[in-house]
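Architecture at a glance
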Amino acid sequence: MRDNLLVSTSPHLHKKESVKMIMWLVTLSLVPSGLAGIFIFGLGALWVMALAVAAAVITEFALQAVTRRKITVLDGSAVLTGLLLAYNLPADVPFWLPVVGAVFSIAIGKQVFGGLGQNIFNPALVGRVFLMASWPKYMTTFVKPMSYDAVTSATPLAALTEGKALENISYLDLFLGNRPGCIGEVCILALLIGAAFLLLRKYISWHIPFSYIFTTGLLSYVFGAKTLFAGDWISHILSGGLVLGAFFMATDYVTSPLTYKGQLVFGIGCGLITVVIRLWGGYPEGVSYAILIMNAATPMIDRYTRPRIYGS
Amino acid sequence: MKSLIKEFSKGITVLNPTFGLILGLCPTLAVSTSLFNAVGMGVAATFVLVFSNLIISALRNFIPARIRLPSYIVIIATFVTVCELGIKAYLPGLSKSLGIFIPLIVVNCIIMARAEAFASRNRILPSIFDGLGMGVGFTLGIAIIAFIRELLGSGSIAGIGLLKSNEFILVMILAPGALLTMGLLIALSRLMGLTKR
């Protein structure tokens, strides 16, 4: 009888959902977009994903073994980082590029800070930005969709930045992913299926993605054309990595604010920076830089949006 | 003699300006894109350090405490000007690639820190050895960073190309590469116990 008395500290009631389970479910929610990527760009996309995930997992395992810490490879966070990195790469990159990016993501983006929960920046985006700065040629050469023979082509966003109207690409093409781009960002429909799953299960809240996308849409409508209030905001929302970034990378628990108020500030900031980079910056796409810059601002947002203790 | 060696060696190990004191980061980050530039910068800074320490130490009882910093600046600026004109005359190539960073040695915080923390309170000989040690430590630090950045970023050592390829890590010769290399080397030196936590 005495053995049945357990003495433990609060909280005494908790959900069965663990970090591990959430990580694997987020990975699962990314599967439709990956399948769409393979369908659109061919088997090269599958190779990029496999290499990035394998390199991320091996790096995490090796670093934790070398530093004699608990091996937490099976918690799914390294798999998720590798997969997100692959989703941010074009489908026909050389085989070493996803490997180098994933090693950098895990080693410099995550383990240097102490592992899961300690990192300041989203590891997958750290890897992507590193690759972008080091090998811009490979990172901006995109395959034409549905052709499977490595015909390169400019992204719709590059055309939008240059102020050209989008030719030959309808909104439906953008929505279904029939356009050049990175593996996981093109098929908005598949991304929305995964995002709906995460929202319905309440693993992510609507605050960051909606404020991010709304801000981007509004600002690109106002400033996106030569005259005010004439921008092609639908194309701005549907092209580039905005939907992928807003639902799956800006909402990373570790690197985004804790309170809903803070998350709104975070999303609006991301949208603002994205539009500024897209319309006036040197790069055609600004989603990854926007999220990373706001990651850096997250501790400050948390400090100013801390809930007031009742009565104080 | 033993204490002089100690004054010299502390600048290379425990109080290394780059990895221990984390001073003089501006030239360290800006000039470490190639080994040749880095060593040139290190030698120039060492020259200024040794002579400014010497003069400041010799004048330490004559400089009024309230205007000591302007006085140090005047002394340091004198040697920086000597150094700058010398490099311009004899090494015009180096002068061109280092550019503004040679005159900027005037405001290098290693030199101000050693003047304030050491030379103004110690006798001449220890001050010279302190300056020499700090200068060698700075040169070593910036040279190690430059070696890594040049090798990874442009595949060469001191301007001599090793590999004919275009797959180098471009980011290493850009500003983020400087900060990355620097941060990882500081972590490594602390892990190995070379510099203090």
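Scroll up to find the structure this text is about.
The text that follows walks through the structure, step by step, so that each part is easy to find. Predicted, not measured: the structure shown is a model, and the values here were computed from it.

1. As for the overall build of chain B
Of regular secondary structure, chain B possesses eight helices and two strands. Reading chain B from its N end, one meets helices and strands in the order α-α-α-α-α-α-α-β-β-α. For chain B, the spread of C-alpha atoms along the three principal axes comes to 60 × 40 × 30 Å. The buried share among the 197 residues of chain B stands at 44%. With 16 positive and 6 negative side-chain charges, chain B shows a separation of 9 Å between the mean positions of the two kinds.

2. Concerning the packing of aromatic side chains
Residues and elements named next belong to chain A. Applying the stated criterion across every chain, the model contains eleven aromatic pairs over all chains. On the basis of an interplanar angle of 90 degrees and a centroid distance of 6.1 Å, the ring pair of Phe210 and Phe247 is categorised as edge-to-face. Note that Phe210 is positioned in helix α10 (residues 207-223) and Phe247 in helix α12 (residues 242-249), a separation of 37 residues in sequence. A residue is classified by how much of its surface remains accessible, and Phe210, at 43% relative accessible area, is partly exposed. Between Tyr283 and Tyr289 the ring centres are 5.2 Å apart and the planes differ by 15 degrees, which places this aromatic pair in the stacked class. Residue Tyr283 is classed as partly exposed on the basis of its relative accessible area, which comes to 36%. A relative accessible area of 17% means that Tyr289 is categorised as buried. Taken together, the ring pairs in this structure connect Trp96, Phe104, Phe130, Trp135 and Tyr138 into an aromatic cluster.

3. Quick look at unusual backbone geometry
All names here are of chain A. In this structure, Lys202 takes a positive phi of about 60 degrees despite not being glycine. In this structure, Lys202 sits in the loop between α9 (188-200) and α10. A relative accessible area of 71% means that Lys202 is categorised as exposed. The residue Phe229 is not glycine, and still its phi comes out positive at about 55 degrees. With respect to the helices, strands and loops of the structure, Phe229 is situated in the loop between α10 and α11 (233-238).

4. Here's the deal with a nonpolar patch on the surface
All names here are of chain A. The grouping of Tyr221, Phe223, Leu228, Phe229, Trp233, Leu272, Val276 and Trp280 at the surface amounts to a nonpolar patch, some 840 Å² of accessible area in total. Secondary structure elements with two or more residues in the nonpolar patch: α10 and α13 (260-280). Top contributing element to the nonpolar patch by residue count: α13, with three residues. Within the element layout of this structure, Leu272 appears in helix α13.

5. Side note on the nonpolar core
Soluble globular proteins: nonpolar side chains tend toward being buried together. Formed by 81 residues in total, the largest nonpolar core has its most connected members in Leu30, Leu84, Tyr212, Leu244, Phe248 and Ile291 of chain A. Those residues within four positions of Leu244 of chain A in sequence are excluded, and the remaining contacts are Leu30, Leu84, Tyr87, Asn88, Gly184, Glu185, Leu191 and Met249 of chain A. Counting residues in hydrophobic clusters, the runner-up holds 33 residues, among them Ile76, Val106, Ala115 and Ala146 of chain B.

6. Quick notes on the pattern of salt bridges
Residue and element names in this part refer to chain B. On inspection of all chains with the given rule, the structure shows eight salt bridges over all chains. Across the pair Arg114 and Asp130 runs a salt bridge whose closest N-O atoms are separated by 3.0 Å. With a gap of 16 residues between them, Arg114 in helix α6 (residues 109-119) and Asp130 in helix α7 (residues 124-154) connect regions that are remote in the sequence. Owing to a relative accessible area of 8%, Arg114 belongs among the buried residues under this scheme. Bridged by salt links that share partners, the residues Glu7, Lys10, Arg114 and Asp130 form one connected network.

Cut-off values and rules
- Residues numbered from 1 in each chain as written.
- Chains lettered and ligands numbered in written order.
- Predicted model: local features only at pLDDT ≥ 70, side-chain atom pairs only at ≥ 80, totals over all residues.
- Heavy atoms only, no water.
- Helix = DSSP H or I, 4+ residues; strand = E, 2+ residues; numbered from the N terminus.
- Buried < 20%, exposed > 50% of the residue type's maximum accessible area, 1.4 Å probe, protein only.
- Lys, Arg positive; Asp, Glu negative; His and termini not counted.
- Charge placed at Lys NZ, Arg CZ, Asp CG, Glu CD.
- Phe/Tyr/Trp six-rings, centres within 6.5 Å; stacked < 30°, edge-to-face > 60°.
- Patch = residues over 30% accessible without salt bridge, like charges linked within 9 Å, V, L, I, M, F, W, Y side chains within 5 Å.
- Areas by Shrake-Rupley, 256 points an atom, 1.4 Å probe, with all protein chains shown as cover.
- Salt bridge = Lys/Arg side-chain N within 4 Å of Asp/Glu carboxyl O.
- Core = buried A, V, L, I, M, F, W, Y, C linked by side-chain atoms within 4.5 Å.
- Contact = heavy atoms within 4.5 Å.

As far as function goes, none of this settles anything; it's purely spatial.
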